[in-house]
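Tertiary structure, described
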Amino acid sequence: MQTITVTTTPFMDQRPGTSGLRKRVTQFQQPHYLENFVQAIFDTKNDLNGGTLVVGGDGRYYNREAIQIIIRMAAANGVKRLLVGKGGILSTPAVSAIIRKYHTNGGIILSASHNPGGPDGDFGIKFNGDNGGPATEQVTEAIYARSKTVNRYLTTHAAAINLDHIGHSHIGDMAIEVIDPVHDYAELMQTIFDFDAIRHLIVDNGFRLCFDAMHAVTGPYAIDILEHRLGAPAGSVINSTPLEDFGGGHPDPNLVYAKTLVEAIFGNNPPDFGAASDGDGDRNMILGAHFFVTPSDSLAIMAANAHLIPGYASGLKGVARSMPTSCAVDRVASELRIPWYETPTGWKFFGNLLDSNQATLCGEESFGTSSAHVREKDGLWAVLFWLNILAARRTSVATIVKEHWQRFGRNFYTRHDYEAVDATAANELMHHVEQQLPALIGKELNGIMVSAADNFSYLDPVDKSCSERQGLRVIFSDGSRIIFRLSGTGTVGATLRIYIEKYESDSSRHHEDTQQILQPLIDTALTLSQLRQRIGREQPDVIT
Ligand code: VG1
Ligand code: CO
């Protein structure tokens, strides 16, 4: 094999966001753009030289081309063994599982997750380390620093690898294995959950489920696990073929984008259970007949019911949630007498807690939950967790949630997203809010005292690293919270997220409408931020 050294000049915009580097497909297609970033990974993670690497993606447009480029570069950079999913497909949690199972040195995941795909859509790339989790802040920053100085990359001439057949091949000294993307992941799920009980529920009790794969990566996983292994009738998984443009849809499992599923669940004769996942399979939305489970509640309910699941029957070490996630899980942790942790947004911040066995369950308000079985959030795992709870408790999703509220109280919660906002205006709005914070403490807003107000910073209890400026918080004396954050995953302008939460112990109010209950806090947020004047929007684009 002849190594080719290609001269290049750095791009200055390759700083990864919340979850990897995400840009328009057209930007990734520029000569050397992908190559530079991949070389920055190889130059930063020297153990890949002589090591094993996993590569796969969510099947979006440019996935296959990118994989061929990475395979040639891996060979030229001294990788000894490369595992790649058949068809170039690997979900994010499956990559994490495979890294851990085969003790590889890391993995490269090609995905822009819930962002739309296709020639005019988004593409993305992220590196996961040997624990199976997203690169830590330090590694991410090192890769970014390298991307700003990289002046050559290594590749080789080699015919394209046939990704559509499971089997072995090689380029020079590098062995390439095209693997079944589903097998290892499905086996792992079977070690955690009571598949017999779930199968019994579905096959013998006529329990009906609908899983919307949104034409993204989870289709093959859901068919294998839900239909083949657990006996759900054919057709229970909808939109199951991964498509390069996700069928023109937005592979984001929420009430707005998972339209077909939401119509079925809120229509006549609905299934007992509904769920959806996102582009790369790490998110989950959980629904019951005529019922939506807020992700923050889902995390709390999982923690409270974990003892029913074989894989967690021996108890949880602790739980962790991202800062904007509602505090519902904290109450469960207190009752279970286990610690709970509050981290910045993004799964990379859970890695140390999971590695050091301080947390077993983790979750984010953005439809992400998972556990120590991998180091990523895991959509189908969450679906199986719920199915296992339902198989054990033999009651409806709605009843499980309502009983939970009765026991722990309800954290009313919503997130309002303003998308593709002018970036300067968004930054100025954040600045405007931030400078008011110190003076708010001890004052009353709408009759409730502000007990704390700050820009959240996180001291990692394990490696003692500090991550600052992770979101503006206004915390009230009754536990209500208003949080302002700018997204780190968008590719156009800025996305402003406002998270609103209010705790209610009185169960006679638990059935009330979330937006109505939260309206006074929403109004406070709008006034504080002068949102309408500053960004010229009357309504959020997405409310969850
Ligand atoms: C969003 C979510 C965050 C999640 C991230 C990656 O980030 O808010 O909770 O971890 O997406 O999810 P941001 O910076 O846009 O708020 V995924 O499914 O894109 O890997
Ligand atoms: Co995702």
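Residues numbered from 1 in each chain as written. Chains lettered and ligands numbered in written order. Predicted model: local features only at pLDDT ≥ 70, side-chain atom pairs only at ≥ 80, totals over all residues. Heavy atoms only, no water.

Looking at the overall build of the protein
Filter applied, for reference: For the purposes of this entry, the term helix denotes a DSSP run of H or I that reaches at least four residues, the term strand denotes a run of E that reaches at least two, and both are numbered from the N terminus. Each radius of gyration is computed over the set of C-alpha atoms, and the globule rule expresses the reference value as 2.2 Å times the number of residues to the power 0.38. Residue burial is assigned from relative accessible area. The probe radius is 1.4 Å, only protein chains are included, and a residue is buried under 20% of its type maximum, exposed over 50%, and partly exposed in between.
Per the secondary structure count, the protein includes 17 helices and 27 strands. At 23 Å, the protein has a C-alpha radius of gyration in line with the 24 Å of a compact globule built from 544 residues. Oriented by its inertia axes, the alpha-carbon framework of the protein measures out at about 70 × 60 × 40 Å. Residues counted as buried form 60% of the 544 residues belonging to the protein.

Topic: the coordination of the cobalt ion (ligand 2)
As a benchmark, a tetrahedral metal site with four donors has ideal angles of 109.5 degrees, while an octahedral site with six donors has ideal angles of 90 or 180 degrees. The test is simple: For Na, K and Ca the donor cut-off is 3.2 Å; for every other metal, N, O and S atoms count as donors within 2.8 Å. Water does not enter the count, which can leave sites looking incomplete.
Those donors, Ser113 (OG), Asp278 (OD), Asp280 (OD) and Asp282 (OD), are the protein atoms that reach the cobalt ion (ligand 2), and they lie 2.0 to 2.1 Å from it. In terms of primary sequence, the donors binding the cobalt ion (ligand 2) are separated according to S-x164-D-x1-D-x1-D. On the criterion of sequence distance, the pair formed by serine 113 in the loop between strand E5 (106-110) and strand E6 (122-128) and aspartate 278 in the loop between strand E12 (273-276) and strand E13 (285-288) is long-range, its members being 165 residues apart. For the residue pair serine 113 and aspartate 278, the accessibility class agrees, reading buried in each case.

Points about the site of ligand 1
Our working definition: Throughout, near means a residue has at least one heavy atom within 4 Å of the molecule or strand. Two N or O atoms form a polar contact when they lie within 3.5 Å of each other; inside protein one atom must be a possible hydrogen donor and the other a possible acceptor, and for residues adjacent in sequence the pair counts only when both atoms belong to side chains.
Inspection of the region around ligand 1 gives 20 residues, with Thr18, Ser113, Gly488, Thr489 and Arg497 positioned closest. Between ligand 1 and serine 19 there is a distance of 3.4 Å, counted from an oxygen atom to a side-chain nitrogen or oxygen. Threonine 489 has a polar side-chain atom sitting 2.5 Å from an oxygen atom of ligand 1.

Notes on the domain arrangement of the protein
What counts is decided by this rule: Here the bounds of each domain stem from an automatic or database domain assignment. We call two residues in contact whenever any of their non-hydrogen atoms come within 4.5 Å of each other. Any carboxyl oxygen of Asp or Glu that lies within 4 Å of a side-chain nitrogen of Lys or Arg is treated as forming a salt bridge with it.
The domain boundaries assigned to the protein delineate domain 1 (4-180), domain 2 (185-408) and domain 3 (410-543). Summarising the inter-unit geometry, the C-alpha centres of domain 1 and domain 2 are found 28 Å apart. Contact with domain 1, which involves 33 residues of that partner, is made by 32 residues of domain 2. In this assembly, domain 1 and domain 2 are joined by two salt bridges. In this structure, lysine 348 and glutamate 137 form a salt bridge, with 3.9 Å as the shortest nitrogen-oxygen distance.

So, the packing of aromatic side chains
For clarity, the threshold we go by: Between rings of Phe, Tyr and Trp, where Trp is taken as its six-membered ring, a pair exists when centres lie within 6.5 Å; planes separated by under 30 degrees are stacked, by over 60 edge-to-face, and by other angles tilted. Either the NZ atom of lysine or the CZ atom of arginine qualifies as a charge over a ring when it sits within 6 Å of the ring centre and within 35 degrees of the ring normal.
For the structure on display, the rule yields 15 aromatic pairs. Pairing phenylalanine 28 with tyrosine 33 gives two aromatic rings, centres 5.4 Å apart and planes at 85°, and the pair type is edge-to-face. An aromatic cluster is built from Phe11, Phe28, Tyr33, Tyr62 and Phe123, whose rings are joined through pairwise contacts. The positively charged end of arginine 331 is found above the aromatic ring belonging to tyrosine 503, 3.3 Å away from the centroid. In this structure, arginine 410 is placed above the aromatic ring of tryptophan 405, and the distance from its NZ or CZ to the ring centre is 3.9 Å.

Description of the pattern of salt bridges
All told, the structure shown has 35 salt bridges when counted by the stated rule. Across the pair arginine 229 and aspartate 224 runs a salt bridge whose closest N-O atoms are separated by 2.7 Å. On the basis of relative accessibility, which here comes to 22%, the residue arginine 229 falls in the partly exposed class. Glutamate 504 serves as the salt-bridge partner of arginine 509, at 3.9 Å between the closest nitrogen and oxygen. Overall, the relative accessible area of 32% leaves arginine 509 in the partly exposed class.

Points about the pairing of E13
The side chains of a regular strand alternate, residue by residue, between the two faces of the sheet. Condition: Think of it this way: DSSP has to see at least two bridges between two strands before they count as a pair.
By the alternation rule, side chains of E13 split into Met285 and Leu287 and Ile286 and Gly288, which are all buried. Pairing of E12 with E13, which is carried by four bridges, proceeds in the antiparallel orientation. What sits directly across from phenylalanine 273, in E13, is glycine 288. Pairing geometry for E13 and strand E14 (residues 291-293), over three bridges, is antiparallel. Counterpart to isoleucine 286 in the pairing with E14 is valine 293.

Considering the state of the cysteines
Quick reminder of the rule: The term disulfide is used for any two cysteine sulfur atoms that are within 2.5 Å.
Counted by the stated rule, this structure contains zero disulfides. Looking at cysteine 362, it has no disulfide partner, and the nearest cysteine sulfur is the one in cysteine 327, 16 Å off.

Notes on helix H15 (residues 423-440)
Note the cut-off: Helix span, as expected, comes to 1.5 Å for every residue beyond the first. Read the arc as the range of directions from the helix axis to the C-beta atoms.
Between its first and last C-alpha, H15 extends 26 Å over 18 residues, near the 26 Å set by a 1.5 Å rise per residue. The complete set of buried residues in H15 reads Ala425, Ala426, Leu429, Met430, His432, Val433, Leu437 and Leu440. Here the buried residues of H15 occupy an arc of 160° about the axis, which is enough to place them on one side. Those residues of H15 that are exposed and angled more than 90 degrees off the buried face are His431, Gln435 and Pro438. At the C-terminal side of H15, glycine 442 shows a positive phi close to 90°.

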